[in-house]
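Coordinate analysis (summary)
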Amino acid sequence: MSMTAVWTLILVVSIIVEVITIDLVSIWFSVGAVVALVCNLLGLNQTGQIIIFAFVSIICIIASRPIVKKYLKGNIVRTNLDRVIGKHCLVTETITADQKGEVKVMGKLWSATSLNNEVITVGEYAEVLSIEGAHVVVKKLEMGVDR
């Protein structure tokens, strides 16, 4: 197989992977393949082309990955709902492994599931561990824990 075909194949495959993943995992190899293909057309030997491909790909990764990663992170919108994490709550509807219950935390009612599917009955206290979608995950507070 000629080096022109090899570089063209690497270029096409890396572009296809990039389009499928949308995560900027192979775009740098596309750039390296283009440069190596140009070097091939200019008559550079096979070893030189491979070195150029590797060098250009690595330089592109080092130069652009931190910048691109910053923009791909997305806009994380923080809300004041996070403040309920770590708070103690009163169970107002029994939480079982099969059914969500309800808790009252900071004056608001939330659907709730329990950590490790433990049963928490009405009137018991729990601690909010996380928010998952529109419900909270709680764990039962042991007796003697300050509220």
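Residues numbered from 1 in each chain as written. Predicted model: local features only at pLDDT ≥ 70, side-chain atom pairs only at ≥ 80, totals over all residues. Heavy atoms only, no water.

Along the chain, Thr8 falls in helix α1 (residues 3–21). Between the alpha carbons of Thr8 and Ser30 there is a distance of 9.3 Å; along the sequence they are 22 residues apart. (Helix = DSSP H or I, 4+ residues; strand = E, 2+ residues; numbered from the N terminus.)

This part takes up the pairing of strand β4 (residues 125–132). Across three bridges, strand β1 (residues 88–93) lies against β4 in antiparallel orientation. What sits directly across from His88, in β4, is Glu127. Where β4 lies against strand β5 (residues 135–140), six bridges are found, and the strand directions are antiparallel. Across the sheet, Ser130 pairs through a bridge with Val137, a residue of β5. Between β4 and the antiparallel strand that follows it, β5, lie two residues; Gly133 among them carries a positive phi value of about 70 degrees. (Pairing = 2+ DSSP bridges.)

Our focus in this paragraph is the pairing of strand β3 (residues 108–114). Strand direction decides the pairing type here: strand β2 (residues 101–105) and β3, joined by five bridges, are antiparallel. In the sheet register, Lys104 faces β3, and the bridge partner there is Leu109. Between β2 and β3, which pair antiparallel in sequence order, lie two residues; one of them, Met106, sits at a positive phi of approximately 55 degrees. Across four bridges, β3 lies against β5 in parallel orientation. Among the inter-strand pairings, Ser114 is bridged to a residue of β5, identified as Val138.

In this section: the sheet that holds β2. One closed barrel holds the five strands; their spatial order is β1-β2-β3-β5-β4, and the pairing between them is mixed. Mean inter-strand twist for the sheet, computed between neighbouring axes without regard to direction, equals 55 degrees. (Axes fitted to C-alpha atoms, helices over the stretch in contact; angles between N-to-C directions.)

In this model, the protein carries an average pLDDT of 87, and 90% of its residues clear a pLDDT of 70 or more. Ranking the elements of the protein by mean pLDDT puts helix α3 (residues 46–72) last, at 85, and β2 first, at 95. (pLDDT = per-residue confidence, 0-100.)

Next up on the list: the pattern of salt bridges. Applying the stated criterion to the full structure yields one salt bridge. Ionic pairing is found between Lys140 and Glu124, a salt bridge with its closest N-O pair at 3.0 Å. Note that Lys140 is positioned in strand β5 and Glu124 in the loop between β3 and β4, a separation of 16 residues in sequence. Under the relative-accessibility criterion, Glu124 is labelled partly exposed at 22%. (Salt bridge = Lys/Arg side-chain N within 4 Å of Asp/Glu carboxyl O. Buried < 20%, exposed > 50% of the residue type's maximum accessible area, 1.4 Å probe, protein only.)

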